[in-house]
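Overview (structure and organization)
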Amino acid sequence: MAEVLLFHHALGPTEGLYAFADELRQASHTVHTPDLFEGRTFASIEAGVGYAGEVGWGEIMARGERAAEALPNDLVYGGFSLGVVPAQMLAQTRPGARGALFFYSCLPVSEFGAWPAGLPAQIHGADADPIFMEEGDVDAARELVASADDAELFLYPGDQHYFADSSLPSYDADATKLLTRRVLEFLARVS
């Protein structure tokens, strides 16, 4: 089964993140959920992004790298929103990646060089989420899909950014059920 390094979003590690990781574990995958915020959680995206800015994006990336250091190279790297930043960096730069799972966000491939040949990816976002649709993420996702041998972009109906976090009011159970099924199929395929 797959081994996944899964990074949290700007609110920090929520119960919803842990619940999602547990669903993957129930399917016999190993899932690591490091805390990029060192115990801090936030009530808003702005506050969490503000904290990341105070700490410095270089340090957030370094925390992601440190989380991967003790793990094997053949990981699937995943991230929710802010967590996509270290996940995408590691997927594109750490040799041996098995796959990439990006939720609610995607950076331009050029941010970390070329997309590795043969590296499969999935990107998931809401089709009316102003952050995903209007801040360049969907464009970066489409660019990644066009440049990769094996990548898919999935759009779900809705305008909520954190729609797959069961611990938040933005949670969409139907969209999350479909997202989870697609992720489990992906993990079974790349294992």
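Here's a quick rundown of the structure. (Residues numbered from 1 in each chain as written. Predicted model: local features only at pLDDT ≥ 70, side-chain atom pairs only at ≥ 80, totals over all residues. Heavy atoms only, no water.)

Here we take up helix 3 (residues 57–69). The end-to-end C-alpha separation of helix 3 is 18 Å, in line with the 18 Å expected for 13 residues at 1.5 Å each. Restricting attention to buried positions, one finds in helix 3 the residues Ile60, Met61, Ala62, Arg63, Gly64 and Ala68. Turning to helix 3, the residues buried within the fold contact strand 1 (3–7), helix 2 (45–55) and helix 4 (84–93). (Helix = DSSP H or I, 4+ residues; strand = E, 2+ residues; numbered from the N terminus. Expected span 1.5 Å × (residues − 1). Buried < 20%, exposed > 50% of the residue type's maximum accessible area, 1.4 Å probe, protein only. Contact = heavy atoms within 4.5 Å.)

Our focus in this paragraph is the pairing of strand 5 (residues 121–126). For a regular strand, side-chain orientation follows a simple rule: the groups alternate between the two sheet faces. In terms of burial, strand 5 is a largely internal element, six of the six residues being buried. By the alternation rule, side chains of strand 5 split into Ala121, Ile123 and Gly125 and Gln122, His124 and Ala126, which are all buried. As paired elements, strand 4 (residues 99–103) and strand 5 share four bridges and run parallel to each other. Looking at the pairing, Phe103 lines up with His124 of strand 5. The sheet contact formed by strand 5 and strand 6 (residues 151–156) spans six bridges and is parallel. Bridge pairing in strand 6 links Gly125 to Leu155. (Pairing = 2+ DSSP bridges.)

On inspection of all chains with the given rule, the structure shows eleven aromatic pairs. For the pair Phe37 and Tyr51, a centre-to-centre distance of 5.0 Å together with 75° between the ring planes defines the contact as edge-to-face. Of this pair, Phe37 sits in the loop between strand 2 (30–32) and helix 2 while Tyr51 sits in helix 2, and the two are 14 residues apart along the sequence. A relative accessible area of 0% means that Phe37 is categorised as buried. (Phe/Tyr/Trp six-rings, centres within 6.5 Å; stacked < 30°, edge-to-face > 60°.)

Moving on, we get to the pairing of strand 1. Buried residues dominate strand 1, accounting for four of its five residues. Of the strand pairs in this sheet, strand 1 and strand 2 are connected by three bridges, and their pairing is parallel. Bridge pairing links Val4 to Val31 in strand 2. You can see the chain leave strand 1, run along helix 1 (residues 15–26) and come back into strand 2, and the turn it takes is right-handed. As judged from the four bridges shared by strand 1 and strand 3 (residues 76–80), these two strands associate in the parallel manner. Its bridge partner lying in strand 3, Val4 is registered against Val76. (Right-handed = clockwise from strand over helix to strand, strands pointing away.)

The analysis is restricted to geometry; functional conclusions fall outside its scope.
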